[in-house]
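# Remarks on the overall topology
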Amino acid sequence: MSDLLLLGLIGGLTLLLLLTLLAFAGYSGLLAGVAVSAGSPPIRNVTVAYKFHLGPYGETGRLFTESCSISPKLRSIAVYYDNPHMVPPEKCRCAVGSILSEGEESASPELIHLYEKFGFKVFSFPAPSHVVTATFPYTTTLSIWLATRRVHPALDTYIKERKLCAHPRLEIYQQDHIHFMCPLARQGDFYVPEVKETERKCRGLLEANDAQTDGTGTEGADTMSDTSSVSLEVSPGSRETSVTTLSPGVSSCRWDDGDTRSEHSYSESGASGSSFEELDLESEGPLGEPQLDPETEPLGATKWPWEPSTPEKGKE
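Residues numbered from 1 in each chain as written. Predicted model: local features only at pLDDT ≥ 70, side-chain atom pairs only at ≥ 80, totals over all residues. Heavy atoms only, no water.

## Some thoughts on the overall build of the chain
What the chain contains, in helices and strands, is 7 helices and 8 strands. When each of the 316 residues of the chain is scored for burial, the buried share is 44%. The contacts of the chain with a sequence gap of at least 6 include a subset with a gap of at least 24, amounting to 79%. Just so you have it, the chain exposes about 16,100 Å², and 57% of that area is on carbon and sulfur atoms. (Helix = DSSP H or I, 4+ residues; strand = E, 2+ residues; numbered from the N terminus. Buried < 20%, exposed > 50% of the residue type's maximum accessible area, 1.4 Å probe, protein only. Contact = heavy atoms within 4.5 Å. Areas by Shrake-Rupley, 256 points an atom, 1.4 Å probe, with all protein chains shown as cover.)

As structure tokens, then:
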């Protein structure tokens, strides 16, 4: 009888533990619906203090911790520029930091000096007229893990089905929600100087390699054309040709020369560059003038296979 009682107690405790874990997961957002829509941005123009990170996105947790430790009451923000499914982890680029001010409010000079003292840089993001956006509950640290595995695939599907140019990807940790935002306009204004610098270096290397290839004579080129059934016409002077050649089915969206990104940046999947004027704008609120000037990069992935970063809870 004592053995049966002991087994019953063990079974009861195990069941109680499972129910507790399920309740915790539900509270963290396991059962929360993910609604993706297009419309007004969740935030206005902001000034941010950030650090640029080149490497696996899973290593950005320390940057969240560092920015939160300087001023825990500020909202955290992260901007992801590359598709981690297509770009090697060591080459993925992002910016992580804190929002210093929003809208007409000016950032405190003392706050700016404090962040700069710890190696952060200051940059301003505009409020685009239209974005693709989604929201997820932010109640526990587990919420971040769940959000990255549920929201990003939903964003991928929405953007792909509507053939949009939406990039880069922003995460804003605001009170008890995580806001995900993909600008449909003014995308170039969301690219910090370090990203554009890496693009310039990359183009320089491509141009140098192209010049070296041209200097080897036509014999090697003739040999390649005779033995290869695929044309590798990747001219560094024509980004559109490069993207189209290496990634069939890519959209024809464009961006300004100053808005430079790699062809594996996070944009859309198989898009043809539909204007957001064709969208059924589901978010309410005043929208700005629909002026869109993006370019596309292939998405090609429906998941973000990296471990989520963990900004500290209770920043605001």
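## What to know about unusual backbone geometry
Backbone torsion omega between His167 and Pro168 reads -10 degrees, so that peptide bond is classified as cis. As for its position among the elements, Pro168 is in the loop between helix H4 (141-161) and strand E7 (169-174). Residue Lys163 is not a glycine yet carries a positive backbone phi of 55 degrees. Looking at the secondary structure, you find Lys163 in the loop between H4 and E7. Even without a glycine there, the phi angle at Arg186 is positive, about 55 degrees. Within the secondary structure, Arg186 sits in the loop between strand E8 (177-183) and helix H5 (193-214). On the basis of relative accessible area, Arg186 is assigned to the partly exposed category, the value being 46%.

## Side note on the environment of Glu104
Here Glu104 is to be found in the loop between strand E4 (93-102) and helix H3 (109-117). Relative accessible area serves as the criterion here: at 76%, Glu104 is assigned to the exposed category. It is 9.1 Å that separates the C-alpha atoms of Glu104 and Arg44, two residues lying 60 residues apart in sequence.

## Examining the packing of aromatic side chains
Evaluated as defined, the whole model comprises 8 aromatic pairs. Seen from their ring centres, Tyr115 and Phe120 are 5.3 Å apart, and the 90 degrees between their planes marks the pair as edge-to-face. Each member of the pair, Tyr115 as well as Phe120, carries the same accessibility label: buried. Geometrically, the ring pair formed by Phe123 and Phe125 is edge-to-face, given 5.6 Å between the ring centres and 65 degrees between the ring planes. Residue classification places Phe125 among the buried positions, given a relative accessible area of 4%. Here the guanidinium or amino end of Lys51 rests over the ring plane of Phe120, the centre of that ring lying 4.9 Å away. Here the guanidinium or amino end of Arg162 rests over the ring plane of Tyr158, the centre of that ring lying 3.7 Å away. (Phe/Tyr/Trp six-rings, centres within 6.5 Å; stacked < 30°, edge-to-face > 60°. Lys NZ or Arg CZ within 6 Å of the ring centre and 35° of its normal.)

## So, the packing of helix H1 (residues 2-28) against H4
In contact at an axis separation of 8 Å, H1 and H4 are set at 70 degrees when each is read in the N-to-C sense. The angle between H1 and H4 places the two elements in the roughly perpendicular class. Relative to H4, the crossing made by H1 is right-handed. For the pair H1 and H4, the contacting residues are Phe24, Ala25 and Ser28 in the first and Leu142, Ser143 and Leu146 in the second. Along the lines of polarity and charge, the residues of the contact of H1 with H4 split into 4 nonpolar, 2 polar and no charged. (Axes fitted to C-alpha atoms, helices over the stretch in contact; angles between N-to-C directions. Parallel < 35°, antiparallel > 145°, perpendicular 65-115°, else oblique. Left-handed = near helix turned anticlockwise from the far one by under 90°. Nonpolar A, V, L, I, M, F, W, Y, C, P; charged D, E, K, R; others polar.)

## Considering the side chain of Arg75
Relative to the helices and strands, Arg75 resides in the loop between helix H2 (61-70) and strand E3 (76-80). Only 2.9 Å separates the side chain of Arg75 from the side chain of Glu102, close enough to count as a polar contact. (Polar contact = N/O pair within 3.5 Å; in protein donor to acceptor, adjacent residues only side chain to side chain.)

## Digging into the pattern of salt bridges
Pairing between side chains of opposite charge can happen when their charged atoms approach one another. Evaluation of the coordinates by the stated rule reveals 8 salt bridges. Two residues, Arg93 and Asp82, come together in a salt bridge whose shortest N-O distance is 2.7 Å. Highlighted residues: Arg93 in strand E4 and Asp82 in the loop between E3 and E4, separated in sequence by 11 residues. Take Asp82: its relative accessible area is 1%, and that puts it in the buried class. Measuring nitrogen to oxygen at the nearest pair gives 3.7 Å for the salt bridge that ties Arg162 to Glu161. In the salt-bridge network here, residues are joined through shared partners; they are Arg44, Arg75 and Glu102. (Salt bridge = Lys/Arg side-chain N within 4 Å of Asp/Glu carboxyl O.)

## Comments concerning a nonpolar patch on the surface
A surface patch of nonpolar side chains, about 430 Å² in accessible area, is lined by Leu4, Leu6, Leu7 and Ile10. Among the structural elements, Leu6 can be located in helix H1. (Patch = residues over 30% accessible without salt bridge, like charges linked within 9 Å, V, L, I, M, F, W, Y side chains within 5 Å.)

## So, the nonpolar core
Counting 30 residues, the largest nonpolar core has Val132, Phe136, Val151, Leu155, Ile178 and Phe180 as its most contacted members. No other element matches H4, which puts 7 residues into this core. What Phe180 contacts, discounting residues up to four positions off in sequence, is Val132, Thr133, Ala134, Phe136, Ala147, Val151, His152, Leu155, Leu170 and Glu171. Grouped together as the second largest cluster of nonpolar side chains are 18 residues, Val48, Leu170, Met181 and Val195 included. (Core = buried A, V, L, I, M, F, W, Y, C linked by side-chain atoms within 4.5 Å.)

## Focus on the sheet that holds E3
Pairing in this open sheet of 8 strands is antiparallel, and the strands run E1-E6-E8-E7-E3-E4-E2-E5 from one edge to the other. Of all strands in the sheet, those bounded by a partner on one side alone are strand E1 (37-39) and strand E5 (121-125). Neighbour to neighbour, the strand axes of the sheet diverge by 30 degrees on average, direction disregarded. Looking at chain direction, E1 and strand E6 (residues 131-137) are connected through 3 bridges and run antiparallel. Within E6, the position partnered with Ser37 by the bridge is Thr133. (Pairing = 2+ DSSP bridges.)

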